[in-house]
Amino acid sequence: MDLLKLKEDLEENALGRGVLMAASKIYGAGAWLDRAAYENGWKTSKSVNSRVVCIGNITAGGTGKTTAVLLAATTLAKEGIRVAIVSRGYKRQRKTEGPVVLFDNPDADWRLAGDEPFMMSRVLSQYKVPIVISPDRAAAATEALKRFKSQIILLDDGLQHHRLRRDANVILIDAKNPFGNKHLLPYGVLREPMTALKRASLVVMTHCDQVSVRQLEDIKDQIRLYNDAVEILESVHEPEYYFDICNTKKVDLKAIQGPAACFCALGHPETFEKTLQNLGLTLKQKWRFPDHQHYTEENLRTFEETRGGLPLITTFKDFVKFPDNWRDILTKDVYVLSVNLKIRGGEEEFNKFTDVLYPKFSKIKNK
């Protein structure tokens, strides 16, 4: 069942909207009970002997969380800080009894880990950053500490997961659609009420280049209604290069111009497509799939047979979900766009980000 299509159909009439609003109330009650259970001691959060920093959001959909986790991990790892990432492995296709560890195992199966953790492990392989996957994030953190003696554990998308106690919360806000209609799921896009912003140690607004200065200031004002002391940083997603997957080499962004085709399975596919257009591509063919879609041989053959010889471009998150025999189908001109998160405002603003990750970071860097 296509839940997004069902939601759109229900929104078209008053009765359907009433059903969605009622479902939002039920969802909100469940979220409140879960949070209250930990706040009142009915359930116990587990601490580990490491600094834990959560990077998450209060909305569903793409806020740029993965690129923020990658930025945090690479920044820390480059300074020799032992960092690990803990993730639940959303929509992984094969379950395991204990945590799954991605570290120095190039033959690992993405279906055991989930697409986003697997993609991060590939990007971070040169920095030797382990990623530990389990629905029980406390167990995953314990495993990371035991095996890697991690000084920092980055909790990927764990703001609504209260079992693992954290030292700081970095909340990401998508400037293009910060809070939706301010209703909870499924009527809106909020995972929690906006009062959750009180738990933020730092707020990072993403996609800030795609809205006006006035809109950015309005979002900041809304955030400060709930947390008037929190630092709010602005960020943008900057393309780095294309990666030619057929020849395993980097390609300059200016090397591919004009007509092209693309496909993706993202929360906000239009953002990816607009980025390609801004890089000088004219998208003659576009395929969009539900977020976290895994690809079949039939999908790839469709791309190959209908792209008309045009360059075919996708994302790292999509590439890791290709079937094993993808090289038999896609033989040339297939590229992955590499994108980085950049904090606006220079070193001073970037230091606010690193200080939340690791308060000792500036001292280590300046030694």
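Figured I'd write up the structure that's included with this text. These figures come from a predicted structure and were not determined experimentally.

1. Considerations on the overall build of the protein
Within the protein one finds 12 helices and 13 strands. Relative to the globule expectation of 21 Å for 367 residues, the C-alpha radius of gyration of the protein, 21 Å, shows essentially globular dimensions. Taking the principal axes of the C-alpha coordinates as reference, the protein spans close to 60 × 60 × 45 Å. Looking at the 367 residues of the protein, the share that counts as buried comes to 51%. Here the contacts in the protein between residues at least 6 apart in sequence split such that 75% fall between residues at least 24 apart. Counting every atom, the protein has about 17,900 Å² of accessible surface; 49% of that belongs to carbon and sulfur. Taking the average place of the 54 positive charges on the side chains of the protein and the average place of its 47 negative ones, the gap between the two points comes to 4 Å.

2. Quick notes on the pattern of salt bridges
Under the counting rule described, the total for this entry stands at 23 salt bridges. Here Glu234 makes a salt bridge to Arg344, at a shortest N to O gap of 3.0 Å. Here Glu234, found in strand S8 (residues 231–244), pairs with Arg344, found in the loop between strand S13 (334–343) and helix H11 (346–357); they are 110 residues apart in sequence, far enough to count as distant. By relative accessible area, which is 17% here, Glu234 ends up buried. A salt bridge links Glu304 to Arg307, with the nearest nitrogen and oxygen atoms 2.7 Å apart. Look at Glu304 and you get partly exposed, because its relative accessible area is 27%. Among the ionic contacts, a cluster of salt bridges with common partners joins Lys65, Glu116, Asp156, Asp291 and Lys317.

3. A few points about the nonpolar core
Counting 58 residues, the largest nonpolar core has Ile85 and Leu154 as the members making the most contacts within it. Counting residues per element, this core draws most heavily on helix H3 (residues 65–78), which supplies 8 residues. Apart from the residues lying within four places of it in its own chain, the contact partners of Ile85 are Val69, Ala73, Met120, Leu124, Val129, Pro130, Ile131, Val132, Leu154 and Asp156. Judged by nonpolar contacts, the second largest core, of 36 residues, contains Val48, Val52, Leu184 and Val230.

4. Focus on unusual backbone geometry
The omega torsion across Leu185 and Pro186 is 0 degrees, close enough to zero to call that bond cis. Looking at the element boundaries, Pro186 is found in the loop between strand S6 (168–174) and strand S7 (202–206). Positive phi is not limited to glycine here, since Thr248 has a value of about 45 degrees. Within the secondary structure, Thr248 is located in the loop between S8 and strand S9 (249–251).

5. Structural notes on the side chain of Arg92
Here Arg92 is to be found in the loop between strand S2 (83–87) and strand S3 (100–102). Nearest to the buried, unbridged Arg92 among oppositely charged side chains is Asp109, at 10 Å. Among residues more than four places away in sequence, those in contact with Arg92 are Val100, Arg111, Leu112, Ala113, Gly114, Ile133 and Pro135.

6. A short note on the pairing of strand S5 (residues 152–156)
Buried residues dominate S5, accounting for 5 of its 5 residues. Every second residue of S5 is oriented toward a common face, with Ile152, Leu154 and Asp156 on one face and Ile153 and Leu155 on the other, all of them buried.

Thresholds applied
- Residues numbered from 1 in each chain as written.
- Predicted model: local features only at pLDDT ≥ 70, side-chain atom pairs only at ≥ 80, totals over all residues.
- Heavy atoms only, no water.
- Helix = DSSP H or I, 4+ residues; strand = E, 2+ residues; numbered from the N terminus.
- Rg over C-alpha atoms; globule rule 2.2 N^0.38 Å.
- Buried < 20%, exposed > 50% of the residue type's maximum accessible area, 1.4 Å probe, protein only.
- Contact = heavy atoms within 4.5 Å.
- Areas by Shrake-Rupley, 256 points an atom, 1.4 Å probe, with all protein chains shown as cover.
- Lys, Arg positive; Asp, Glu negative; His and termini not counted.
- Charge placed at Lys NZ, Arg CZ, Asp CG, Glu CD.
- Salt bridge = Lys/Arg side-chain N within 4 Å of Asp/Glu carboxyl O.
- Core = buried A, V, L, I, M, F, W, Y, C linked by side-chain atoms within 4.5 Å.

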